[in-house]
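# Observations on chain architecture
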Amino acid sequence: MTPPVKHAATDMPRLVALPIFKNELGTLCVAEASRHTGFTPRRLYFMTDVPAGGVRGVHAHKSLRQCMICFKGAATVELERRGSRFRFRLDRPDRGLLVPPGCWRVVRDFAPGTVLGVLASEEYDETDYIGEYADFLAWEAEAAAKRGVPYLDPTRSLADLDGEIDAAISRVLRSGRYIGGPEVERFERAFADYCGAAHAVGVANGLDALTLALQARGIGRGDTVVLPANTFIATALAVSRVGATPVFVDVEEDTSNIDPAAAAAALRPDTRALIPVHLYGHPADIDPLRALADRHGLFLLEDAAQGHGARYKGRPCGSIGDAAAFSFYPTKNLGAFGDAGAVVSNDASLTATVRRLGNYGAENRDEHLMQGLNSRLDPLQAAVLSVRLGHLGEWNARRRVLAERYREGLGNVAGLSLPAVRPWAEPVWHVFSVRVAGGRRDALQRHLEVAGIGSNIHYPRPIHLQPAYRELGLPAGTFPIAERLAVEVLSLPLDAFHRDDEIDRVIDRVRGFFSAARP
Ligand SMILES: *Cc1c(COP(=O)(O)O)cnc(C)c1O
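Residues numbered from 1 in each chain as written. Predicted model: local features only at pLDDT ≥ 70, side-chain atom pairs only at ≥ 80, totals over all residues. Heavy atoms only, no water.

Further remarks concern the overall build of the protein chain. Looking only at helices and strands, the protein chain has 13 helices and 27 strands in total. Considered along the principal axes of its C-alpha atoms, the protein chain spans approximately 90 × 70 × 40 Å. Here the protein chain holds 519 residues, and 51% of them are scored as buried. Within the protein chain, contacts between residues separated by at least 24 positions form 72% of all contacts whose residues are at least 6 apart in sequence. Carbon and sulfur atoms form 52% of the exposed surface of the protein chain, whose accessible area is close to 23,100 Å². (Helix = DSSP H or I, 4+ residues; strand = E, 2+ residues; numbered from the N terminus. Buried < 20%, exposed > 50% of the residue type's maximum accessible area, 1.4 Å probe, protein only. Contact = heavy atoms within 4.5 Å. Areas by Shrake-Rupley, 256 points an atom, 1.4 Å probe, with all protein chains shown as cover.)

For the rest of this paragraph, the subject is the site of the ligand. The local shell around the ligand holds 14 residues, among which Gly-206, Asp-303, Gln-306, Ser-327 and Lys-332 are the closest. One of the backbone N or O atoms of Gly-206 is found 2.7 Å from an oxygen atom in the ligand. Between an oxygen atom of the ligand and a side-chain N or O atom of Lys-332, the distance comes to 2.6 Å. Compared with its free state, where it exposes 380 Å², the ligand has 92% of that area covered by protein. Put simply, the parts of the chain that give the shell around the ligand at least two residues each are α5 (206–216) and α6 (234–241). (Near = heavy atom within 4 Å. Polar contact = N/O pair within 3.5 Å; in protein donor to acceptor, adjacent residues only side chain to side chain.)

Here the focus is the pairing of strand β13 (residues 199–203). In terms of residue burial, β13 counts as a mostly covered element, since four of its five residues are buried. Taken together, the five bridges between β13 and strand β21 (residues 341–345) define a ladder with antiparallel strand orientation. Bridged to Val-201 within β21 is Val-343. (Pairing = 2+ DSSP bridges.)

A word on the confidence of the model for the protein chain. Across the protein chain, the average pLDDT comes to 94, with 97% of residues at 70 or higher. Throughout residues 1–9 the model reports pLDDT below 50, and contacts reaching past four residues in sequence, or to other chains, amount to 20 contacts. (pLDDT = per-residue confidence, 0-100.)

The next point concerns the pairing of strand β10 (residues 104–108). Extensive coverage of β10 is indicated by the burial of four of its five residues. Where strand β5 (residues 56–61) meets β10, two bridges bridge the pair, whose relative direction is antiparallel. Each bridged residue has a counterpart across the sheet, and for Arg-56 the counterpart in β10 is Val-107. Pairing of strand β7 (residues 75–81) with β10 involves five bridges; the strand directions are antiparallel. Directly across from Val-77, in β10, lies its bridge partner Val-107.

The subject of this paragraph is the sheet that holds strand β6 (residues 66–72). With antiparallel pairing, the five strands of this open sheet are ordered in space as β1-β9-β6-β11-β4. The sheet terminates laterally at β1 (14–17) and β4 (43–47), the two strands that pair on one side only. Pairwise comparison of adjacent strand axes, ignoring direction, gives a mean angle of 25° for this sheet. Pairing geometry for β6 and strand β11 (residues 115–120), over six bridges, is antiparallel. Residue pairing for β11: Cys-70 is matched across the bridge by Leu-116. (Axes fitted to C-alpha atoms, helices over the stretch in contact; angles between N-to-C directions.)

Spatial strand order, β8-β7-β10-β5-β12: five strands in an open sheet with antiparallel pairing. Both edges of this open sheet fall to β8 (84–90) and β12 (129–130), since each of them pairs with a single strand only. Along the sheet, helix α2 (residues 133–147) contacts β5, β7, β8, β10 and β12; its crossing angle with β7, the most-contacted strand, is approximately 40°.

For helix α4 (residues 182–195), spanning 14 residues, the distance from its first C-alpha to its last is 20 Å, which sits close to the expected 20 Å at 1.5 Å a residue. For α4, the full list of buried residues reads Glu-183, Val-184, Phe-187, Glu-188, Phe-191, Ala-192 and Cys-195. Down the axis, α4 shows its buried residues gathered within 155° of arc, on one side only. Away from its buried face by more than 90 degrees, α4 exposes Pro-182 and Glu-185. (Expected span 1.5 Å × (residues − 1). Arc of directions from axis to C-beta.)

As for its position among the elements, Asn-396 is in helix α10 (residues 379–410). Within the structure, Asn-396 has its side chain in polar contact with the side chain of Asn-333 (distance 3.0 Å). Those residues in contact with Asn-396 that lie beyond four places of it in its chain are Tyr-194, His-308, Gly-309, Asn-333 and Val-428.

Applying the stated criterion across every chain, the model contains 35 salt bridges. For Glu-32, the salt bridge identified is with Arg-35, shortest N-O distance 2.9 Å. Look at Arg-35 and you get partly exposed, because its relative accessible area is 23%. Asp-501 is the salt-bridge partner of Arg-499, the closest N and O atoms lying 3.0 Å from each other. Residue class for Arg-499 comes out partly exposed when judged on its relative accessible area of 22%. A relative accessible area of 32% means that Asp-501 is categorised as partly exposed. (Salt bridge = Lys/Arg side-chain N within 4 Å of Asp/Glu carboxyl O.)

What follows is the structure in structure tokens.
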């Protein structure tokens, strides 16, 4: 039985298979509302006797859905929706073309004798019908302005990858191998290569990647670890989870990354590790930290959860420290359909220990060398990640294009600072974080929100001021830059699937805020 038709959030035009029965009495083909069309048809029309070279059906509907079926012969349907174009050749009765609302539509190249049927969700309604292409474009622009701009729509990448993802998932389901195995090994190999490192070990999430890397290096009770005050809290939680104590340091004002001079000043005799974070996808300044780590015998662990594909002086993030921790949380530049993470390193003994720790500390089925835990990358997520890794280069390139668009559109707005890029950095724009001075950040966020434009704050409270770290006794004022960033930063929509016109709407709206008369 065919599963029920669901209209995905992306609601793209697509073909649906219709059951067909052939016997000596002839052929019977069926389209049902619940399983095939996804709507209850209220109207049927069909085209016949279209002269050679004829072009039909040139129009769009604002809210009506259709299912087009070629009963006999063949015809080509061209569709346009939100800037994407689609082309389908309908040449058999057991395929229905689902046409979502808001598609500009042209049918051409009819074979002689063609009968093309259309099931529609509504009866004819003149107010729903758009007959001129220019009117369609105007209507789309108006509808887009009303829809706003999502901060992030994780379903959009599916339109790009539908077939590949489905194939990968069904391959895993049919393999019978649901823990470990070749899918995980294949992704680990590919991801290590991508990072320019010798080894990668899949784990359950980014927090575990950080934790297991520290634990594998023997860092624990009585040790301190230096990390920036302005990062996602997981960086600090990993330190606490192994029993060590986080030592926060302030960040550079323009990149929001750990300040190497502050890190040097914060070292204590019991410091065993440094964790720079490639925040927002801009690499941290690793060379001075590397020198510091070498001088004092410290473990240099990159938190690369926001830096997949970023480069520092030409070298990929993840290959520069002694080890790197990655997260494949769904919203990261490389994301899974759930939680996932990895530790990457050139140190084979370190990654072997991480693997063992994440698998109950087991050497083999019956021998447990250490008190480990269960933290593994699922083959299902690994198969998805392998597909997506193949597209990461093009997605990061698209992020760069959009960051450049913001830079051109917002470069000269008084009161607004754009993120700095160091000459040696190739950032991947995990987040496009601007700064708004003068206590107006929250007002800008509201101004965007009423226009339906999503935004975010990374991060509204530095870790030393979180209740979870009250025990450290660090009062407000300890890290003035991190604390100022917390009240000034605002992340604008930017991922690989935002359209140019969406970014332009954000730019217009931000400019409008700053050009409006000040209170
Ligand atoms: C996302 C993130 C993590 C944690 O990753 P999870 O997979 O969510 O556990 C750690 N550090 C940074 C900087 C992150 O952005």
